[in-house]
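As a plain string of letters, each chain reads:
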Amino acid sequence: MDRLEAMAMFVATVDQGSLAAAARTFACSPAKVTRALQMLEERSGERLIHRNARRLRLTDAGERRLAVYRTVLAELEEVEGGRSGDRVEGVVAVTAPELFGRLHVMPVVETFLARHPAARARALLLNRMVDLVEEGMDVAVRLAPLPDSGIVARKLGEVRKLVCAAPAYLEQAGAPATPAELQRHVCIGEEEGDAGTLWRFAETGARRSATFSVNIRPRLALNSAGTSIDAAVRGHGICRALSYQVAEHVSAGRLVTLLDAFEPEATPVSLVFHPVPRRNATLRAFIEHAAPRLRDDLAAVARRI
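Residues numbered from 1 in each chain as written. Predicted model: local features only at pLDDT ≥ 70, side-chain atom pairs only at ≥ 80, totals over all residues. Heavy atoms only, no water.

Student: How should I be thinking about the overall build of the protein chain in this particular structure?
Tutor: Across its full length, the protein chain carries 10 helices and 14 strands. Looking at the 305 residues of the protein chain, the share that counts as buried comes to 45%. The contacts of the protein chain with a sequence gap of at least 6 include a subset with a gap of at least 24, amounting to 71%. Put simply, the protein chain shows about 15500 Å² of open surface, and 48% of that area lies on carbon and sulfur atoms. (Helix = DSSP H or I, 4+ residues; strand = E, 2+ residues; numbered from the N terminus. Buried < 20%, exposed > 50% of the residue type's maximum accessible area, 1.4 Å probe, protein only. Contact = heavy atoms within 4.5 Å. Areas by Shrake-Rupley, 256 points an atom, 1.4 Å probe, with all protein chains shown as cover.)

Below, the structure is given as structure tokens:
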């Protein structure tokens, strides 16, 4: 078997999550893909993928080899004028937090597809950190500080952590003057109702890194930020939300921000992706399309609150 073909089968297996899916891509049997992986493992002298009936997991050696194989294949396609060179076609896989994805990422995906009729997209909107390699994703929106790693990132902006309530609730219960006063208010959280949760704040007049936490015992505990915000808009209590989640409600007067003087440091928002697939025309085109639009969206949110 050709070594380059084996590399391509290895990459497809990782990206698509199974031997069978990779086999369908190459119109061959899963046994041939298995032989390709075995050949690469024999040549490298290392196990590259742990395989069982339910899932595949890259070893550390597999992650290193994956980066090398992507480089080799991408450079070869560019030299030969293949689809990675200049044609925008094929699939780009995108992941983002559920609500941010629904409000901001999906409109960008839709305009990208409208501009590039030969391209396709797969979106995974989940409120957890998605491993790009293990889950076959090309690009992710991260709402968090980024760890020091080999991944490439573009800073899009920041989102603020806000405490909000509806005017109707504040007329009845009053507004808390300090974070400690939240403990006598009806709070809406995303934890079990009897477990409590910590809301973090910054010391007034101190450096933004000087923080403290208040233990909140939510009377209403929900598993969705959007649902928590909806309950706050209806006057059922005080919620904690990110600025992009409530910008429209605050701008329209349906919610009022509270305790602004104690607001903690903003959370960075970044577009992250593998370093090598930037050479892929489709992924490169998506990043160039998405980054400025998401940056503008976040700037618009900042202007509204």
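Back to the text.
Student: How should I be thinking about the sheet that holds strand E3 (residues 90-96) in this particular structure?
Tutor: Hydrogen bonds along the backbone pair up the strands of a sheet, which may run parallel or antiparallel. Pairing is mixed in the open sheet, where five strands are placed in the order E4-E3-E5-E14-E6. The open sheet has two edge strands with one neighbour each: strand E4 (119-125) and strand E6 (152-159). The average angle at which neighbouring strand axes cross in this sheet is 20°, direction not considered. As defined by bridge partners, E3 adjoins strand E5 (residues 139-143) across two bridges and the pair is classed as parallel. Considered in E5, the bridge of Val94 is made with Val139. This element, helix H6 (residues 98-115), spans E3, E4, E5 and strand E14 (267-273) of the sheet and lies at about 180° to E4. (Pairing = 2+ DSSP bridges. Axes fitted to C-alpha atoms, helices over the stretch in contact; angles between N-to-C directions.)

Student: Sorry, what's going on with the environment of Arg219 here?
Tutor: Relative to the assigned elements, Arg219 resides in the loop between strand E10 (211-216) and strand E11 (220-221). Arg219 sits 30 residues away from Gly189 along the chain, and the two C-alpha atoms are 7.8 Å apart. Apart from residues no more than four positions distant in its own chain, Arg219 is found in contact with Val186 and Cys187.

Student: What is the right way to read the sheet that holds E11 from this model?
Tutor: With mixed pairing, five strands are arranged side by side in an open sheet as E11-E8-E12-E7-E13. Unpaired on one side and paired on the other, E11 and strand E13 (256-258) mark the two borders of the sheet. By the bridge criterion, two bridges tie strand E8 (residues 187-189) to strand E12 (residues 238-242) in an arrangement that is parallel. Within E12, the position partnered with Cys187 by the bridge is Ile238. In the packing of helix H9 (residues 243-252) onto the sheet, the strands contacted are strand E7 (161-165), E12 and E13, and the crossing angle to E12 comes to about 120°.

Student: Would you explain the pattern of salt bridges in this entry?
Tutor: Two side chains bearing opposite charge may form a pair once their charged atoms approach each other closely. Taken as a whole, this structure holds eight salt bridges when the rule is applied. Among the ionic pairs, Glu46 bridges to Arg64, the shortest N-O distance being 3.4 Å. In this pair, Glu46 is assigned in the loop between helix H3 (30-44) and strand E1 (49-51) and Arg64 in helix H4 (residues 60-79), connecting sequence segments 18 residues apart. Residue Glu46 is classed as partly exposed on the basis of its relative accessible area, which comes to 32%. Ionic pairing is found between Glu98 and Arg102, a salt bridge with its closest N-O pair at 3.4 Å. Of this pair, Glu98 and Arg102 both sit in helix H6, four residues apart, which is roughly one turn of that helix. (Salt bridge = Lys/Arg side-chain N within 4 Å of Asp/Glu carboxyl O.)

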